Amino acid sequence: MTITVTTADAAENLDRAGGRVMRLLVDADATGPRLSVVSCEAPAGEAGPPLYIHPGTDELFLVQGGTLLLHADGATHRLGAGAAAFVPRGTAHTFASGPGEPVRFLTVHTPGGFEQMHRDICRAEREAGRAFGPAEIMPIAARHDWSFAGPPLLPSGELAPVPGGAPAATPAQPPAATPAGLAGGS
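Because the structure is a prediction, the values reported are computed rather than measured.

(A) Geometry of the sheet that holds strand S2 (residues 21–26). Taken together, the 6 strands give an open sheet; going across it, the order is S1-S2-S3-S10-S5-S8, and neighbouring strands pair in antiparallel fashion. Each edge of the sheet is formed by a strand with only one pairing partner; in this case those strands are strand S1 (12–13) and strand S8 (84–87). Bridge count for strand S3 (residues 36–42) against strand S10 (residues 103–110) is 7 bridges, and the pairing is antiparallel. Bridge pairing in S10 places glutamate 41 opposite arginine 104.

Below, the structure is given as structure tokens:
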């Protein structure tokens, strides 16, 4: 294995038709497949994907700017610039961007390989010439270590109402610092 360096202009473009800017910084092939790293910028006040589980992948969120709302293991956390949250495999989670400004964050998946889902969705949206909704994304995602677990997170910090029921979450709480200085554990 060799050192991998990816400059901003050389990163693979995985932009989504709905306005989410995504760049693949490090893919599994480059790390043998220890990890992958994706950079994401989501518009302010954007709902996230449906609640989901990665059965075989850990995910680390590193917030670079704005506010990322992360719902994991039944609680919603408000993560600002410089915050990080580790979500172990098998944990139900989702995210959304907070109101007011776009959010910029990195996701690191271990092991790598999950980036192929982003490639597949990006390609499908480009071919269709439009953004896909959850009903179109979920079958693609299901092929890539992604399992549906519930409704999406709203920019309010609550999970979307479950049909026939009440909202499924509590409002976002400020993150709690861990001994290592990381914020937003759960």
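(B) Seen up close, helix H3 (residues 134–141). For H3, the set of buried residues is Ile137, Ile140 and Ala141. In an axial view of H3, the angular spread of the buried residues amounts to 95 degrees, which keeps them on one side of the axis.

(C) Local environment of the environment of arginine 123. Tracing the backbone shows arginine 123 in helix H2 (residues 115–128). Here the alpha-carbon distance between arginine 123 and leucine 14, two residues 109 residues apart in the chain, equals 8.3 Å.

(D) Fine view of the nonpolar core. Counting residues in hydrophobic clusters, the biggest one holds 29 residues, and the most contacted among them are Phe61, Leu68, Leu70, Leu79, Phe95 and Phe105. When contributions to this core are tallied by element, the ones reaching two or more residues are S2, S3, strand S5 (58–65), strand S6 (68–72), S8, S10, H2 and H3. The element contributing the most residues to this core is H2, with 4 residues.

(E) Layout of unusual backbone geometry. Residue threonine 110 is joined to proline 111 through a cis peptide bond whose omega torsion reads -10 degrees. For proline 111, the position within the fold is in the loop between S10 and H2. In this structure, aspartate 145 is a non-glycine residue whose phi angle is positive, near 55 degrees. Along the chain, aspartate 145 falls in the loop between H3 and strand S11 (147–152). Given the relative accessible area of 24%, aspartate 145 is considered partly exposed.

Thresholds applied
In this convention, every chain numbers its residues from 1, walking through the sequence in written order. Under the rules for a predicted model, residues below a pLDDT of 70 receive no local features and side-chain atom pairs below 80 are neither given nor counted, while totals for whole chains, interfaces and linings still include all residues. Side-chain descriptors were evaluated using all non-hydrogen atoms of the structure, hydrogens and water having been removed beforehand. Two strands are said to pair when DSSP picks up at least two bridges between them. Comment: elements are numbered from the N terminus, with helices defined as DSSP H or I runs of at least four residues and strands as E runs of at least two. Type-normalised accessible area, obtained with a 1.4 Å probe on protein chains alone, sets the label of each residue: buried when under 20%, exposed when over 50%, and partly exposed for intermediate values. Summarising the geometry, the arc corresponds to the directions from the helix axis toward the C-beta atoms. Here the nonpolar core consists of buried residues drawn from Ala, Val, Leu, Ile, Met, Phe, Trp, Tyr and Cys, with membership extended through side-chain atoms lying within 4.5 Å.

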